[in-house]
Amino acid sequence: MRSLRRRVPASSEIGTGTGHTRSARRRVTAAVVLCATAAPWASAGYATLTLTSGLVPVLIAWMTKLLIDGLTHDADLRTLLIPALGYVLAAIIVGIGPLAARYLRGVVDREVGLLAQDRLFTAVGRHPGLGRLEDPAFLDRLRVAQDVGRTVAGQLADATLSAGRSLLTVTGFMVSLVALNPVMALVVLAAGVPSLLAQLALSRHQARAVLEVGRIERREDFYARLIAAPTAAKEIRLFAIGDFLRSRVLAERRAANAVTQSVDARQTKVQSVLEVLSCLVSGAGLVWAVFAAHTGDLTVGGVTMFVAAVDGVQGSLGSLLIQLAASQRALLMFDHYLEVVEAEPDLPVAAEPVPLTPLRHGIELSDVWFRYAPDHDWVLRGLNLFIPHGGSLALVGLNGAGKSTLVKLLCRFYDPTHGAVLWDGVDLRDADPVELRARMSTLFQDFQHYDMTAAENIGLGDLRLLEERDRIEAAAAKAGMHEKLAQLPQGYDTMLSRTFHHDAPAEEHRPGTLLSGGQHQRLALARAFIREGRDLMILDEPSAGLDAEAEHEIHLSIRRHRADRTSLLISHRLSAVRDAHRIAVLGDGQVKEEGSHRELLGSGGEYARLFALQADGYTDDRHGPGTVGPADPVEAAAGR
């Protein structure tokens, strides 16, 4: 027995990651590598066109100056032809370059979006446990990562390249401006400093707002999906809560709009001030150029070049500042994506896992303590339990006793806070979670319904058998669903959903079929049955929601299926567990009682009390109060 082996991340710690130590250079490098990996040739071509276009405005300005000066000084045709051809070349680049760059950018965006989404969901699937997906902070970050993952890497690379292009343009015009008026060059450059600081502050505020809006929109999506979800439609209409949910949607939308409007208002104010400053600097430069031309210090071409240089520096500097701010905003947003992609697994996985051999002895829970977070109550308190190989163990207890939590620990969705779960003596924390789960067949209480075909709903239990129709039908037969599925409009190929059509041309779209809750439960049981030859079968409330006849049929099938197999059965219906080899009663996070059905009834403890309460519901008054008579359908179904 081992005590605290490895600390489980607390809920408050999950999803915090290491974003605060991730440098801007590392984030930019990650974005560039992502683009280069997804679309290497398109990325290289786009980068070349973007950076080259930064020198074109400077080339046009100089060719214009040379042409004007040549014309005003009666230069010969050969002298005028060179700047004219240069101007034409620059014009061609200006005309064709953006078209080619837009096409290449589209290629990069599509390929990067595909690769980014693949990496994102691969990273989510890399977490062996449930801790991340049950933590609101991580889910908020995941929401932002999903929204920005398809585009933000390309945006970051684009903003970086655009900043490089603007820097080249600024440098070219600054060199020209220094040659004409060094003092004016310094004034224009100095005017860019407050713009830089203001834009960076705006970008930080915008990035924080995006995360806040993401949190709000996740709640908005929840309410909106409820309104449109067929599974919730009955209660929404019966309880008349549609208007209430709609008001929640609108309230969240108003909250998101308020955050966005606040950002827009701040941006408008700051940029208005910056525009006024830019106009004052341009005006001062123009006044100087007029005086210089009047005194003969500047030629007509020089005035043209000076005005173009001032406007070019200010425009490109403004563009550079905007791109730097966009880069910072993209960096902050890309950090959410990297936080998810690079997050450590929520459960530690051994570098060299201990192989799990087929179960020979049994599974032991030794002094297991567990709680979901340090500030939560203990769910399990020093629990000791043994599931013997080849035998059946049933768990019973009131709601909140820890039965479902125990299942999560057996599947290693969480690790014990203290104590250990042992598989033939091997601590599950030393084993590979994938190998562990491959040795299990489980029906969860909150089983999943998939908007797929009937065959797929069963075959998902073992993807290797997804195309093995005979195995799928055999599993359905064990769960008592074969005849029902065979009679569907397209048989096992019928879509069990009204949300999606069958895969077919639009004119051949056929609506799917909806099953009842009990039928979906049988389908989930078939999904468990298809996993033949597993070492452990876990059945968590396998007959909840079934009628008495269906419950009887299912439990007969389960008994046959789990014969001589190691199994764990959890049920509130004690008539369903009475034939288990051993029955354990959970209470207050511990095993309160354990024994066979007869032994527990004879002890007169909690199990006997619960059994008497349930049996009392089937009492035949002809036999007197508290007496279970022949009219008891549970007793009759169980053959007792």
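The rules behind each value
- Residues numbered from 1 in each chain as written.
- Predicted model: local features only at pLDDT ≥ 70, side-chain atom pairs only at ≥ 80, totals over all residues.
- Heavy atoms only, no water.
- Helix = DSSP H or I, 4+ residues; strand = E, 2+ residues; numbered from the N terminus.
- Buried < 20%, exposed > 50% of the residue type's maximum accessible area, 1.4 Å probe, protein only.
- Contact = heavy atoms within 4.5 Å.
- Areas by Shrake-Rupley, 256 points an atom, 1.4 Å probe, with all protein chains shown as cover.
- UniProt positions renumbered as here; feature names shortened; annotations may be inferred.
- Pairing = 2+ DSSP bridges.
- Axes fitted to C-alpha atoms, helices over the stretch in contact; angles between N-to-C directions.
- Core = buried A, V, L, I, M, F, W, Y, C linked by side-chain atoms within 4.5 Å.
- Phe/Tyr/Trp six-rings, centres within 6.5 Å; stacked < 30°, edge-to-face > 60°.
- Polar contact = N/O pair within 3.5 Å; in protein donor to acceptor, adjacent residues only side chain to side chain.

A few words now on the overall build of the protein chain. Along the protein chain, the regular secondary structure elements total 20 helices and 10 strands. Going through the 640 residues of the protein chain one by one, you find that 46% of them count as buried. Considering only contacts within the protein chain whose residues lie at least 6 apart along the sequence, 74% involve residues at least 24 apart. Element-wise, carbon and sulfur atoms account for 60% of the exposed surface of the protein chain, whose accessible area totals about 32000 Å².

So, on to the UniProt feature "transmembrane region" (unreviewed entry) in the protein chain. Taking the numbering used here, the UniProt-annotated feature "transmembrane region" (unreviewed entry) corresponds to residues 28-44, 80-101 and 173-198. The span residues 28-44 shows a helical share of 94% and a strand share of 0%, and its end C-alpha atoms are spaced 16 Å apart. What you have in residues 80-101 is 100% helix and 0% strand, and the ends, taken at the C-alpha atoms, are 31 Å apart.

To continue, consider the sheet that holds strand β3 (residues 392-397). What the 6 strands build is an open sheet, ordered β6-β7-β8-β3-β9-β10; its pairing is mixed. Across the chains shown, the open sheet's two edge strands, defined by having one partner strand only, are β6 (440-443) and β10 (590-595). Strand-to-strand twist across the sheet, computed as the mean angle between neighbouring axes with direction ignored, equals 15 degrees. Across the sheet, helix α16 (residues 517-529) lies against β6 and β7 (536-540), angled at about 175 degrees from β6, the strand it touches most.

Remark: a regular strand shows side chains that alternate across the two faces of the sheet. Counting buried positions over the 6 residues of β3 gives 6, a clear majority of the element. Of the two faces of β3, both are covered, the one formed by S392, A394 and V396 as well as the one formed by L393, L395 and G397. Relative to strand β8 (residues 566-570), β3 runs parallel, the two sharing 4 bridges. Among the inter-strand pairings, A394 is bridged to a residue of β8, identified as L569.

Formed by 38 residues in total, the largest nonpolar core has its most connected members in I458, L485, L525, V577, I583 and Y607. Residue assignment for this core shows that the elements contributing at least two residues are β3, α13 (454-459), α14 (469-478), α16, β7, α17 (548-561), β9 (582-587) and α19 (606-616). When residues of this core are assigned to their parent elements, the largest contribution, 6 residues, is made by α16. When near neighbours in sequence (up to four residues on either side) are disregarded, Y607 contacts V396, L574, V577, R578, I583, V585, E593, H597, L600 and L601.

A few words on the packing of aromatic side chains. Within this structure, the stated rule accounts for 6 aromatic pairs. Among the aromatic side chains, those forming a connected cluster through ring pairs are F370, Y372 and Y414.

Mapped onto the secondary structure, N457 falls in helix α13. Of the polar contacts made by the side chain of N457, one reaches the backbone oxygen of Y450; its length is 3.0 Å. Within polar-contact distance, the side chain of N457 engages the backbone oxygen of M452 at 3.4 Å. In contact with N457, not counting residues within four places along its chain, are H449, Y450, M452, L496, L523 and R527.

Taken in spatial order, the 4 strands of this open sheet run β2-β1-β4-β5, and their pairing is antiparallel. Edge positions in the sheet fall to β2 (380-388) and β5 (426-427), since each of these pairs with one other strand and no more. Pairing geometry for strand β1 (residues 362-370) and strand β4 (residues 418-423), over 5 bridges, is antiparallel. Each bridged residue has a counterpart across the sheet, and for L365 the counterpart in β4 is V421. The strands touched by helix α11 (residues 403-410) are β1, β2 and β4; relative to β1, the strand with the most contacts, the crossing angle is about 120 degrees.

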